[in-house]
Amino acid sequence: MTGEFTDRGPSAVLIGFMGAGKSTVGRILADRLGVDFVDTDSEIVRTTGRSIPDIFTSDGPQHFREIERDVVLDVLRTHRGVVALGGGAVMTPAVESALAGHRVIYLRIDADAGFARVADSDRPLIAGDDPHARYAELLAARDDTYVRASVFVVDAGAGEPDTVADVILTRLAHALTGERVGERP
Ligand code: S3P
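None of these values were measured; they are calculated from a predicted model.

Asker: How do you make sense of the UniProt feature "binding site: Mg(2+)" (unreviewed entry) in the chain when you look at a structure like this?
Answerer: The positions that UniProt labels "binding site: Mg(2+)" (unreviewed entry) are, in the present scheme, S23. Note on placement: S23 falls in helix α1 (residues 22-33). Not counting residues up to four positions away in its chain, the partners in contact with S23 are F37, D39 and A84.

Asker: Could you clarify how one ought to interpret the packing of helix α6 (residues 111-118) against helix α7 (residues 131-149) in this entry?
Answerer: The description of two packed helices rests on the angle between their axes and on the distance between the axes. As a packed pair, α6 and α7 sit with axes 10 Å apart at the nearest point and diverge in direction by 125°. Judged by the angle between their axes, α6 and α7 are oblique. Crossing angle aside, the handedness with which α6 passes α7 is right-handed. Contacts from A111, D112, G114, F115 and V118 in α6 reach P131, H132, Y135, A136 and L139 in α7. Taken together, the residues of the contact of α6 with α7 sort by class into seven nonpolar, two polar and one charged.

Conventions and cut-offs
- Residues numbered from 1 in each chain as written.
- Predicted model: local features only at pLDDT ≥ 70, side-chain atom pairs only at ≥ 80, totals over all residues.
- Heavy atoms only, no water.
- UniProt positions renumbered as here; feature names shortened; annotations may be inferred.
- Helix = DSSP H or I, 4+ residues; strand = E, 2+ residues; numbered from the N terminus.
- Contact = heavy atoms within 4.5 Å.
- Axes fitted to C-alpha atoms, helices over the stretch in contact; angles between N-to-C directions.
- Parallel < 35°, antiparallel > 145°, perpendicular 65-115°, else oblique.
- Left-handed = near helix turned anticlockwise from the far one by under 90°.
- Nonpolar A, V, L, I, M, F, W, Y, C, P; charged D, E, K, R; others polar.

This is the structure in structure tokens:
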């Protein structure tokens, strides 16, 4: 994808796997750009009044994905600031399609570094006997989709969140002037 973006919608959309730092980096990025930040997981919790593990366990993953799809499509239509998507949102075809034309950035993390950040969390998808293996397996299965849905890829393990946000700002500036945006790995 080259630097042709929609005038409507968010300034930037961060995608990537659990633990990549989408929310932390997204808040910093929003601050630097002087815009609001929205995390779609938080929007799901706010609009349903329920926790994500509760939706997963009581209603099942498919219902969670439907709620998530509706929340993400709404945020993409209405929000002008920075958005962080839940790690699995892009796997829903309607979400991947809706991302076309947006400034989508893939925060890529490797399995060891990413897992270390979420090992103690209550993420339902890595609950079970071997969460590290499950994490690595899901990440590998999704990487191609993250790359395909994004305008460029940033190494989220390469520095502190501030540094990652700086890299994104520089890359975005290039993207917005219509230059070819980085090499796809
Ligand atoms: C999920 C990632 C989580 C959350 C849910 C499912 C996934 O969001 O939406 O637990 O499928 O990767 P984060 O990426 O913000 O952890």
